[in-house]
Amino acid sequence: MTQNSPHILILSGPSGVGKTTVWEALHTKHADYLEKIVTTTTRTKREGEEHGKHYYFLPREDFQSGIDSGDMIEYALVHGNYYGSTFQELERIVKLGKHPLYIVDPQGMVHLKPLLEHRGYTVQTFFLLPPSIDELRLRLSGRGTEQSDHMELRLANALMEMEEQDFYDHKIINTTLEETLETLATIIFSK
Ligand code: ADP
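About the thresholds
- Residues numbered from 1 in each chain as written.
- Predicted model: local features only at pLDDT ≥ 70, side-chain atom pairs only at ≥ 80, totals over all residues.
- Domains from an automatic or database assignment.
- Contact = placed C-beta atoms within 7 Å.
- Helix = DSSP H or I, 4+ residues; strand = E, 2+ residues; numbered from the N terminus.
- Nonpolar A, V, L, I, M, F, W, Y, C, P; charged D, E, K, R; others polar.
- Pairing = 2+ DSSP bridges.
- Buried ≥ 20, exposed ≤ 12 C-beta atoms within 10 Å, placed from the backbone.
- Axes fitted to C-alpha atoms, helices over the stretch in contact; angles between N-to-C directions.
- Parallel < 35°, antiparallel > 145°, perpendicular 65-115°, else oblique.
- Left-handed = near helix turned anticlockwise from the far one by under 90°.
- Core = buried A, V, L, I, M, F, W, Y, C linked by C-beta atoms within 7 Å.

## A closer look at the domain arrangement of the chain
As far as domains go, the chain holds domain 1 (1-33 + 98-191) and domain 2 (38-96). Measuring from the centre of the C-alpha atoms in domain 1 to the corresponding centre in domain 2 gives 22 Å. Listed by partner, the interface residues are 7 residues for domain 1 and 6 residues for domain 2. Among the elements that make up the side of domain 1 that touches domain 2, the one with the highest residue count is helix 4 (residues 106-118) (4 residues). A per-class count over the side of domain 1 that touches domain 2 returns 5 nonpolar, 1 polar and 1 charged.

Next up, the structure:
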């Protein structure tokens, strides 16, 4: 497999489709070539979390300085805490000769892609699809993070999000993990 010049990968798709699982498997296989963008946040570190691995934890003043100096690619205020990603983080990964990868929900992709392209980065977007809605329901319930009364809402939301699939460079049906990894790697490393 050959390495090519770093471009930014955005992996999206409805909640429960398998984005995290696919990323972890992909990273295990191709750690020399791919690295996930670590988000910067002002929220307090929780037990077991590591600075630089799970998040970059910054005091609010430093986050604000990042906004003022233009280092924040995008940011949002969620429940009173800031979350965002920085050009510094992107460049850190690019300098290692790796492709930076974002995992975002479909709303995030719409926002992020033009911002990155405007700054001259090449971006490749991937939308993961479930083999069926029944399978998505199974994956959401298998994940064990959904209360049953939230399930229908999640699924309705997923259907809406799936209407955005044609805005992506590549659509991949996440049937088996092996097939998904193979397809992703073929596209990413042949660009
Ligand atoms: P997301 O990050 O998109 O919300 P997760 O990676 O948390 O989704 O996956 C949701 C559930 O689906 C998990 O229980 C995971 O093990 C399962 N899953 C992911 N990919 C597959 C696959 N290809 N085949 C079967 N189950 C999968």
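Still to come is the rest of the account.
## A few points about the pairing of strand 5 (residues 72-78)
Bridge analysis of strand 5 against strand 6 (residues 81-86) gives 6 bridges, and the strand direction is antiparallel. When the bridges of strand 6 are listed, Val 78 appears paired with Asn 81. The hairpin formed by strand 5 and strand 6 contains 2 residues between the paired strands, and His 79 there has a positive phi angle of roughly 45°.

## Some words on the pairing of strand 1 (residues 8-12)
The element strand 1 is largely enclosed, with a buried count of 5 among its 5 residues. The alternating pattern of strand 1 places Ile 8, Ile 10 and Ser 12 on one face and Leu 9 and Leu 11 on the opposite face, and all of these are buried. As paired strands, strand 1 and strand 8 (residues 123-129) are joined by 5 bridges and run parallel to one another. Looking across to strand 8, one finds that Ile 10 is bridged to Thr 125. In this sheet, strand 7 (residues 99-103) lies alongside strand 1 in parallel orientation, the contact comprising 3 bridges. Within strand 7, the residue paired with Ile 10 across the bridge is Tyr 102.

## What about the sheet that holds strand 7?
If you trace the 5 strands from one edge of the open sheet to the other, you get 2-7-1-8-9, paired in parallel fashion. Two strands close off the open sheet at either side, each with one partner strand: strand 2 (34-36) and strand 9 (170-173). If you compare each strand with its neighbour and ignore which way they point, the axes differ by 25° on average. Together, strand 1, strand 2, strand 7 and strand 8 form the strand contacts of helix 1 (residues 19-30), whose direction differs from that of strand 2 by roughly 140°.

## Let's talk about the packing of helix 5 (residues 133-143) against helix 6 (residues 148-162)
As a packed pair, helix 5 and helix 6 sit with axes 11 Å apart at the nearest point and diverge in direction by 130°. As summarised for this structure, helix 5 and helix 6 are arranged oblique, according to the angle between their axes. In the crossing of helix 5 with helix 6, the sense of the turn from one axis to the other is right-handed. Along the contact surface, helix 5 presents Ile 133, Leu 136, Arg 137, Leu 140 and Ser 141, while helix 6 presents Met 151, Arg 154, Leu 155 and Ala 158.

## A word on the environment of Met 109
Structurally, the position occupied by Met 109 is in helix 4. When the C-alpha positions of Met 109 and Asp 169 are compared, they lie 12 Å apart, and in sequence the two are 60 residues distant. Once residues within four sequence positions are removed from consideration, Met 109 is found in contact with Ile 10, Ser 12, Val 104 and Thr 125.

## Concerning the sheet that holds strand 6
The strand order across the open sheet built from 4 strands is 4-3-6-5, with neighbouring strands paired in mixed fashion. Only two strands of the sheet have a single partner each, and these edge strands are strand 4 (56-57) and strand 5. On the sheet, helix 2 (residues 60-69) packs against strand 3 (40-41), strand 5 and strand 6 and is oriented at approximately 135° with respect to strand 5.

## Considerations on the environment of Trp 23
Here Trp 23 is to be found in helix 1. Every residue in contact with Trp 23, bar those within four places of it in the chain, is listed here: Leu 11, Lys 36, Leu 101 and Ile 103.

## Notes on the nonpolar core
Across soluble globular proteins, nonpolar side chains have a tendency to be buried as a group. Judged by nonpolar contacts, the single largest core of 27 residues is most densely connected at Leu 9, Ile 10, Leu 11, Tyr 102, Phe 126 and Leu 128. Going through the elements one at a time, strand 1, helix 1, strand 7, helix 4, strand 8, helix 5 and helix 7 (177-190) are the ones with two or more residues in this core. For this core, the leading source of residues is strand 1, giving 4 residues. Apart from the residues lying within four places of it in its own chain, the contact partners of Ile 10 are Tyr 102, Val 104, Met 109, Leu 112, Lys 113, Val 123, Thr 125 and Phe 126.

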